[in-house]
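Summary of structural features
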Amino acid sequence: MNNVLGIIFSNMHEQSVSELTANRCMGSIPMGGRYRLIDFPLSNLANSGVEQVGVVTKSNYQSLMDHLGSGRPWDLSRKNRGLSILPPFGNADAGMYRGRVEALAGIMGYIQHSGATEVLASDCDVMANMDYTGFVRAHRESGAEITVMYKKVDLPEGGEKECSAFRLGDDGSVQDMLINPQLPGRQNVYMNIFIANREFLERTVADCHSRGKTSFDKDVLQAGIGRHKIYSYEFDGYISRFNSMHSYYQANMALLDTGVRVALFPRQRPVYTKIRDEAPVRYGLESKVTNSLLADGCVIEGEVENSVLFRGVRVGKDAKVKNCILMQSTQVGARSNLECVISDKDVIIRDERVIVGFDTYPVYIAKGSSV
Amino acid sequence: MNIKKHCVAMILAGGQGSRLYALTQGIAKPAVPFGGKYRIIDFPLSNCINSGIDTVGVLTQYQPLELNEYIGNGGPWDLDRASGGVFVLPPYQKSSGSDWYTGTANAIYQNLRFIDRYDPDYVVILSGDHIYKMDYSKMLEFHKKKDADCTIAVLEVSREEASRFGIMSALEDGKIYEFEEKPKEPKSLLASMGIYIFSTGVLRKYLQADEEDPASSKDFGKNIIPAMLAAGSSLYAYPYTGYWKDVGTIGSLWEANMDLLDPSVPLDLGSSELRIYGRNTAHPPQYVGPAAQIQNSIIPEGAVVDGMVDFAVLFGDVKVAKDAVVRDSIVFPGTVIESGAVVEYSIIAENCVIGAGAKIGSRPEDTMDKENWGIAVIGNNVKVGAGATVPAKVIVDKDIQGVAEI
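In this text the structure is predicted, and so the values were computed from the model without any measurement.

**A few points about the overall build of chain B**
Check the secondary structure of chain B and you find nine helices and 31 strands. Once the C-alpha set of chain B is aligned to its principal axes, its extents read approximately 65 × 50 × 45 Å. Considering only contacts within chain B whose residues lie at least 6 apart along the sequence, 58% involve residues at least 24 apart. Of the roughly 16500 Å² of accessible surface on chain B, 50% is carried by carbon and sulfur atoms.

The following block contains the structure:
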């Protein structure tokens, strides 16, 4: 896997969860108590033996840079190769990009210098624990120029936002690609993860870029069907995809299921994240916690049920928290009552407040607010 | 040539910790887990970096493998430095022969060359088995202000405890005029915490003299400090008022963990002031199951609890099954407490399995023979069979079925 360069697009799909991305990029959305979305693709790359990863950023990337640092938690702080953060305006020709083609064109020097034979690219909208070695092997064995990863997903009536689906030949070749299809039922849904031969990618991106084409999905993949060798690879493990506030809420709640946690956090392929050196969770005299996920640094004196609590959350005496996602350093005052609430970082809920949402429409409280 | 350092710290981490019995089989005492996610050595290492000391020698000789691996390049404590950082210093062979560390003073003596490489003005000498948060820079300021040869941190203890410590008698300004090691009739209540700051030249002089004395047991408390007092050196007692505990015994290790659950004890691991750092493992958040009942406890990421946990300190990767009970106990990483097991007043070491319905330890109030009550201990990697019983105070270091013998 030394010959594979990992590229992570940290800004794609931000408009689908605009509340969460008001002050941060997609990759730094908090997830699952102690993670950020980028931890999943980045850990997958590291655990698959990829030693060189470039993270493409666009805007709002301060929290992402703070999170990634030198890449040490992912063991990507290396003398040779390792993690690179690739902001726009990285060189004289690269400005603000509008889509993957321009983004890739802007970092083409970095890609060329990597010496990699293949480039494996991922967005940050899928939470999964993937071993990419099978994906890379399948790509090499098929002799494809580009291989896209899909999963069979049951789409709801009217389709889904931010979704592409493939029609495949018997040999796994891509025959058709539908962007935002209005097709309900079981579809081969694109995971926004592809692997491409580096030289092919260089040529194709340069070609599209010179013609003013900006969409990788439309101008490279869709337009390439029939012209290039485009194959597919099925991922059949557990995934969560984020394309709305509701799916974000559900993805967190799904972690309360033991089977989901086993699939996402296998012992041999841990998900790494920034280390914060918080103390372990402290349970007080009257605490009552059931069916919940808690990260270090929490102090619990009240009741917590069916909830995901991020680092440093405090729940006061006689407070009740049910079906909630409380991000880092949320403080819940004494005798408050929260149900179906998503609180962003540093939210303060004062004593005796009552906030109730519904599981299909959770109440979102913006970062740093005080209730 | 290294860049000169103002102050270098040396941590004595070589002790076998034989009074921790099964808990230190295979690992050095400073590598013993503490407080839910830490190891004992995290406390002096974190105190060093929080005090602005970036060059630290850790002197080891007993079972150093885990401690070496744990310390690694020092990154978790921000001690991976271009100049300085943390170094593990085991005994080594010299052209004149090789020696194990024969005492605390001898261990430092054998590493004078390490100290000299940084040409420090001051050397801080610490113990690797004490739990406390302290800013050594304040103590160093005190040392400089008093123009002392050696400053010793002291804690006021009760008269009953005093006979377990080295006791200092000091004048009002802190100047020490008498030192007694574990006195039967203490003349003062100022106990040495085993934290010394020496001006480097003085340290070298007394270590060399002590090394040449064949009658010496090469110990700071027994030899170096008395020799300095006898020679009229200026020794000062630096008063410390926070939490401090020597965790050299099963009882004190258990108590120090339980102290973390007591809000009135002034050791807050959650506060960002003098934060304690440790090597983190990539555990997912802890999961608390639908049947769990947890109160008054400390539980870190990676634990899975569906049973009853009260007044307990659990570590990462611990599993407490539904209908299991853990009370007044400490459970080290990787241990599984199966359904129906009851663990009370116990320390369960790493990677154990406590079988279904097993009973480990007992409450003092439930014990007939009060004389023989104590903390039960299960050593590393032990499997306790389903329904087995381990009475209070018993230490088990092999797999057992049935009832463990005392």
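After that view of the structure, there is still more to cover.
**Overview of the confidence of the model for chain B**
Interpretation of the predicted coordinates at a detailed level should be avoided for regions scoring low in pLDDT. In the predicted model, chain B carries a mean pLDDT of 94, and the fraction of residues at 70 or more is 100%. With a pTM of 0.93, the predicted complex shows an ipTM of 0.91.

**Details of the pairing of strand S8 (residues 122-127) of chain B**
Residues and elements named next belong to chain B. Among the six residues of S8, six are classified as buried, and the element is accordingly described as predominantly covered. Alternating positions in S8 separate into two faces, Tyr122, Val124 and Leu126 on one and Val123, Ile125 and Ser127 on the other, with burial throughout. Strand direction decides the pairing type here: strand S1 (residues 7-12) and S8, joined by six bridges, are parallel. Each bridged residue has a counterpart across the sheet, and for Ile11 the counterpart in S8 is Leu126.

**A closer look at helix H8 (residues 220-230) of chain B**
Residues and elements named next belong to chain B. Among the residues of H8, Phe220, Gly221, Asn223, Ile224, Ile225, Met228 and Leu229 are the ones counted as buried. Put simply, Asp219 is the residue that caps the front of H8, since its side-chain oxygen is 3.0 Å from the backbone nitrogen of Gly221. Positive phi shows up at Gly232, right after H8, with a value of about 80 degrees.

**With respect to the interface of chain A and chain B**
The partner chain B presents 39 residues to the 35 residues of chain A that form the contact. A buried area of about 2800 Å², summed over both sides, lies between chain A and chain B, and 45% of it is on carbon and sulfur atoms. Taken as a group, A:Asp277, A:Arg282 and A:Tyr283 account for 24% of the area that chain A buries against chain B, more than any other trio of residues on that side. With a shortest N-O distance of 4.0 Å, A:Arg311 and B:Glu301 are connected by a salt bridge. Scanning the region where chain A abuts chain B turns up 25 residue pairs in polar contact (both at pLDDT 80 or more). Mapped onto the side of chain A that touches chain B, the elements with two or more residues apiece are helix H9 (258-264), strand S14 (281-283), strand S15 (288-290) and strand S16 (292-294) of chain A. The residue inventory of the side of chain A that touches chain B, partitioned by class, reads 16 nonpolar, eight polar and 11 charged. Across three bridges, the pairing between S16(A) and strand S16 (residues 286-288) of chain B is antiparallel. When the sheet's bridge partners are listed, A:Leu293 is paired in S16(B) with B:Tyr287.

Rules used throughout
Residues numbered from 1 in each chain as written. Chains lettered and ligands numbered in written order. Predicted model: local features only at pLDDT ≥ 70, side-chain atom pairs only at ≥ 80, totals over all residues. Heavy atoms only, no water. Helix = DSSP H or I, 4+ residues; strand = E, 2+ residues; numbered from the N terminus. Contact = heavy atoms within 4.5 Å. Areas by Shrake-Rupley, 256 points an atom, 1.4 Å probe, with all protein chains shown as cover. pLDDT = per-residue confidence, 0-100. Buried < 20%, exposed > 50% of the residue type's maximum accessible area, 1.4 Å probe, protein only. Pairing = 2+ DSSP bridges. Polar contact = N/O pair within 3.5 Å; in protein donor to acceptor, adjacent residues only side chain to side chain. Buried area = accessible area lost by both parts, 1.4 Å probe. Salt bridge = Lys/Arg side-chain N within 4 Å of Asp/Glu carboxyl O. Nonpolar A, V, L, I, M, F, W, Y, C, P; charged D, E, K, R; others polar.

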